[in-house]
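Working through the structure, step by step
Chain by chain, the residues run as shown.
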Amino acid sequence: MHGITDNIMAILMLINLALTLSSRLATCISLVAFQGVMLALLPLFSHEGLNPRTLFLAGLVVVVKGLIFPGLLSRAVRDANVRREVEPFFGYGTSILVGIALLTISFWVGIRLPLPVSETTSALVVPGAIGAILTGLFLLVSRRKAVTQVLGYLVMENGMTAFGLAVVPEIPLLIELGILLDVFVGVLVMAIMIWHISREFDHMDVDQLSTLKG
Amino acid sequence: MTWDSLCAYVLALVVAPLLTGIINRVKAMFAGRHGQPLLQAYFDLAKLLRKGAVYSGTTTWVFRTGPVAGLAAVLVALAFVPLGKVPALVSFNGDFLLVAYLFGVMRFVTVMAALDTGSSFEGMGASREVQFSALAEPAWFMGLVTVIYVSGEWSLSPALAGVSSGVWGPAGSAMVLVGLAWLGVFLTENSRIPVDDPNTHLELTMIHEVMVLDHGGPDFAFILYGAILKLWTLGAFLVSLVTPYRTGMVLLDLGYGLAGMLILAMVVGIIESIMARLRLVRVPHLLLTATAFALLALFLVMR
């Protein structure tokens, strides 16, 4: 019975869709934070169940992805004093169509991939993970703002976490903590970088960086 | 054909105008007004039917056919749609296609009648109506395919009856998504608020209303009644989706369905009170999102 896992994965895919069409930076930041929290809760309902190790890890991920990351990012947006819109390269209509296409691809691929997925994981985890990775990639290439690129990177990380959950039943605690630290440092560095970019150039449109003279 | 299906059909014909009264009453309560009488739609219909019709010299028989053919189409469509878990009057394999295109016929004759007047406003409304309904169709069909896949039936009544409490357990998230997608289609097709404001009286902003500006008297009564029955028919899809099971007692089943329709009317009233209308360019986004929901639901049940 994978009732709760299935529902969490469905919510995860809905957040992916919502990310492709929401136009406000603040909404995007809270959506990504929510996605991270949902994923952190996933191991609690899987085969391992409740034990001190999973509880500790879930609590840590909730704090880092649910509180610290959105805090850092929204602070960067506020301090950088930019327009609070996403400014995508594509229109929102196209973005939704791309979101639908990515969803289709992730299901098509996720079901056919010959992965050593354990019997105990729900069949939705692999499509959901691939969907999140693809959506993150799409957000990375299709948005103008530096903040949305951080968000795309975080969505990709969420997808990989879900993927790991499906394929490797038990990741050692040390490695999980290491990954979390890496992501944390990554977001921290990028938040600082966003602040520097906006202080230097009065905006944070990354496509304008390519015209800089060295 | 059974007696309770016939009762459900007659019930729909009699009670449907009440839904608009309930929607208006809920909106009035939110605004702190007393609002129109609950039976206002009946009074309007009675008043219009007593009047005579005026036809412009530039219109042809197309203009006069529109209202009658539209009402006829929706009356036939109503016979195929179950109310709650009470089966429909008629059903055969694949009847959902017929229902979808009966609504298509209704739209077509309304649009033709609007274009026949030669008014540029009506042409604009017709263009919007056709654009939005073309985008609403995939969402509606994807949801229907999901329901058909879950229940394994190829006809509307058994398919929607198959979505019982047993299905809501394992495929609950998919059914919620179908419900949301259909709610989007329901609001679009009936020109309710996030898409069109039924209270607006500025031709530039209207969609459905603007197409029927030139109809008067009994013709307008037919159009009004047709729109009300369309509201009921599309609402019956949603209500049938969420009704848990059939009790077997005629009165109780009909009561279930009726209560569902009244609650749906209240939900529409609440949505209209707390939401602003979308800009016209945002409406396709809403419908694409509804399609995405329905597609996700289909993937969730098909995996």
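Residues numbered from 1 in each chain as written. Chains lettered and ligands numbered in written order. Predicted model: local features only at pLDDT ≥ 70, side-chain atom pairs only at ≥ 80, totals over all residues. Heavy atoms only, no water.

This brings us to the overall build of chain B. From N to C terminus, chain B includes 11 helices and 0 strands. Counted from the first residue to the last, chain B has its helices and strands arranged as α-α-α-α-α-α-α-α-α-α-α. Computed over the C-alpha atoms, the radius of gyration of chain B is 19 Å, within 12% of the 19 Å expected from 2.2 N^0.38 for a compact globule of 303 residues. If one aligns the C-alpha atoms of chain B with their principal axes, the spans along those axes are about 60 × 45 × 40 Å. Contacts in chain B between residues far apart in sequence, at least 24 positions, make up 81% of those at least 6 positions apart. A total accessible area of about 12700 Å² is found for chain B, and carbon and sulfur atoms account for 70% of it. Here chain B carries 17 positive and 17 negative side-chain charges, and the mean point of each set is 6 Å from the other. (Helix = DSSP H or I, 4+ residues; strand = E, 2+ residues; numbered from the N terminus. Rg over C-alpha atoms; globule rule 2.2 N^0.38 Å. Contact = heavy atoms within 4.5 Å. Areas by Shrake-Rupley, 256 points an atom, 1.4 Å probe, with all protein chains shown as cover. Lys, Arg positive; Asp, Glu negative; His and termini not counted. Charge placed at Lys NZ, Arg CZ, Asp CG, Glu CD.)

Position of A26 of chain A among the secondary structure elements: in helix α2 (residues 25-45). For the pair formed by A26 of chain A and R78 of chain A, sequence separation is 52 residues and the distance between their alpha carbons is 9.9 Å.

In this section: helix α8 (residues 172-189) of chain B. Residues and elements named next belong to chain B. In a regular helix each residue adds 1.5 Å, so 18 residues correspond to 26 Å; α8 covers 25 Å between its end C-alpha atoms and thus fits that length. A large share of α8 lies buried, amounting to 14 of its 18 residues. Within two residues after α8, S191 carries a phi angle of roughly 55 degrees, on the positive side. (Expected span 1.5 Å × (residues − 1). Buried < 20%, exposed > 50% of the residue type's maximum accessible area, 1.4 Å probe, protein only.)

The next subject is the confidence of the model for chain A. Across chain A, the average pLDDT comes to 82, with 92% of residues at or above 70. The secondary structure element of chain A with the lowest average pLDDT is helix α7 (residues 173-201) of chain A, at 82, and the one with the highest is helix α5 (residues 125-142) of chain A, at 90. (pLDDT = per-residue confidence, 0-100.)

To continue, consider the interface of chain B and chain A. Every contact between the two is made by 13 residues of chain B and, on the other side, 18 residues of chain A. Carbon and sulfur atoms supply 81% of the area buried between chain B and chain A, which totals about 1500 Å² over both sides. Of all residues in chain B, the largest losses of buried area upon contact with chain A belong to L296, F299 and R303 of chain B, amounting jointly to 37% of the total for that side. Seen at the junction of chain B and chain A, the total is 0 salt bridges. Elements with a minimum of two residues in the side of chain B that touches chain A: α8 and α11 (283-302) of chain B. When residues in the side of chain B that touches chain A are grouped by element, the largest group, 9 residues, is from α11 of chain B. (Buried area = accessible area lost by both parts, 1.4 Å probe. Salt bridge = Lys/Arg side-chain N within 4 Å of Asp/Glu carboxyl O.)

Let us look at the environment of I100 of chain A. Relative to the assigned elements, I100 of chain A resides in helix α4 (residues 92-112). The class for I100 of chain A is buried, based on a relative accessible area of 11%. Leave out the neighbours within four places in its chain, and I100 of chain A touches L17 of chain A together with L288, A292 and L295 of chain B.

Turning our attention to the packing of helix α2 (residues 40-50) of chain B against helix α9 (residues 218-242) of chain B. All names here are of chain B. The geometry of α2 relative to α9 is characterised by a closest axis approach of 7 Å and an angle of 150 degrees between their N-to-C directions. Classed by the angle they form, the pair α2 and α9 counts as roughly antiparallel. Every pair of crossing elements has a handedness; the one defined by α2 and α9 is left-handed. Across the interface between the two elements, A41, D44, L45, L48 and L49 from α2 touch P218, F220, A221, F222, L224, Y225 and I228 from α9. Along the lines of polarity and charge, the residues of the contact of α2 with α9 split into 11 nonpolar, no polar and 1 charged. (Axes fitted to C-alpha atoms, helices over the stretch in contact; angles between N-to-C directions. Parallel < 35°, antiparallel > 145°, perpendicular 65-115°, else oblique. Left-handed = near helix turned anticlockwise from the far one by under 90°. Nonpolar A, V, L, I, M, F, W, Y, C, P; charged D, E, K, R; others polar.)

Let us look at the side chain of D219 of chain B. Residues and elements named next belong to chain B. Mapped onto the elements, D219 comes out in helix α9. Comment: no salt bridge for buried D219; closest opposite-charge side chain is R64, at 6.7 Å. A polar contact is formed between the side chain of D219 and the side chain of Y55, at a distance of 2.7 Å. Dropping the residues within four chain positions of it, D219 is found in contact with A53, Y55 and P67. (Polar contact = N/O pair within 3.5 Å; in protein donor to acceptor, adjacent residues only side chain to side chain.)

Here the focus is the nonpolar core. Residues and elements named next belong to chain B. Judged by nonpolar contacts, the single largest core of 135 residues is most densely connected at W140, W182, W232 and F237. Ranked by residues supplied to this core, first place goes to α11 with 13 residues. Non-local contacts of W140, meaning those with residues more than four positions away in its chain, are made with F96, A100, W182, V185, L234 and F237. (Core = buried A, V, L, I, M, F, W, Y, C linked by side-chain atoms within 4.5 Å.)

Glancing now at the confidence of the model for chain B. Residues and elements named next belong to chain B. Overall, the predicted model of chain B reaches an average pLDDT of 89, with 99% of residues at or above 70. At the low end of the mean pLDDT range in chain B sits helix α7 (residues 165-168), at 73; at the high end sits helix α3 (residues 61-78), at 95. For this predicted complex, the interface confidence reaches an ipTM of 0.80, while the overall pTM sits at 0.88.

Another point: the packing of aromatic side chains. The description of an aromatic ring pair rests on the distance of the ring centres and on the angle between the ring planes. Residues and elements named next belong to chain B. For the structure shown, the criterion picks out 8 aromatic pairs over all chains. Centroid distance F80 to F92: 5.7 Å. Interplanar angle 90 degrees. Geometry classified as edge-to-face. Note that F80 is positioned in the loop between α3 and α4 (95-116) and F92 in the loop between α3 and α4, a separation of 12 residues in sequence. F80 gets classed as buried once you look at its relative accessible area, which sits at 5%. Taking relative accessible area as the criterion, F92 reaches 40% and is therefore assigned partly exposed. By the ring-pair criterion, three or more aromatic residues cluster together here, those being Y101, W140, F141, W182 and F237. (Phe/Tyr/Trp six-rings, centres within 6.5 Å; stacked < 30°, edge-to-face > 60°.)

Enumeration over the complete set of coordinates arrives at 6 salt bridges over all chains. Residue E157 of chain A is joined to K65 of chain A by a salt bridge in which the shortest nitrogen-to-oxygen separation is 2.9 Å. You can see E157 of chain A sitting in helix α6 (residues 146-167) and its partner K65 of chain A sitting in helix α3 (residues 52-80), a full 92 residues away along the chain. We classify K65 of chain A as buried; its relative accessible area is 8%. Through salt bridges with shared partners, a single ionic network connects K27, R192 and E272 of chain B.

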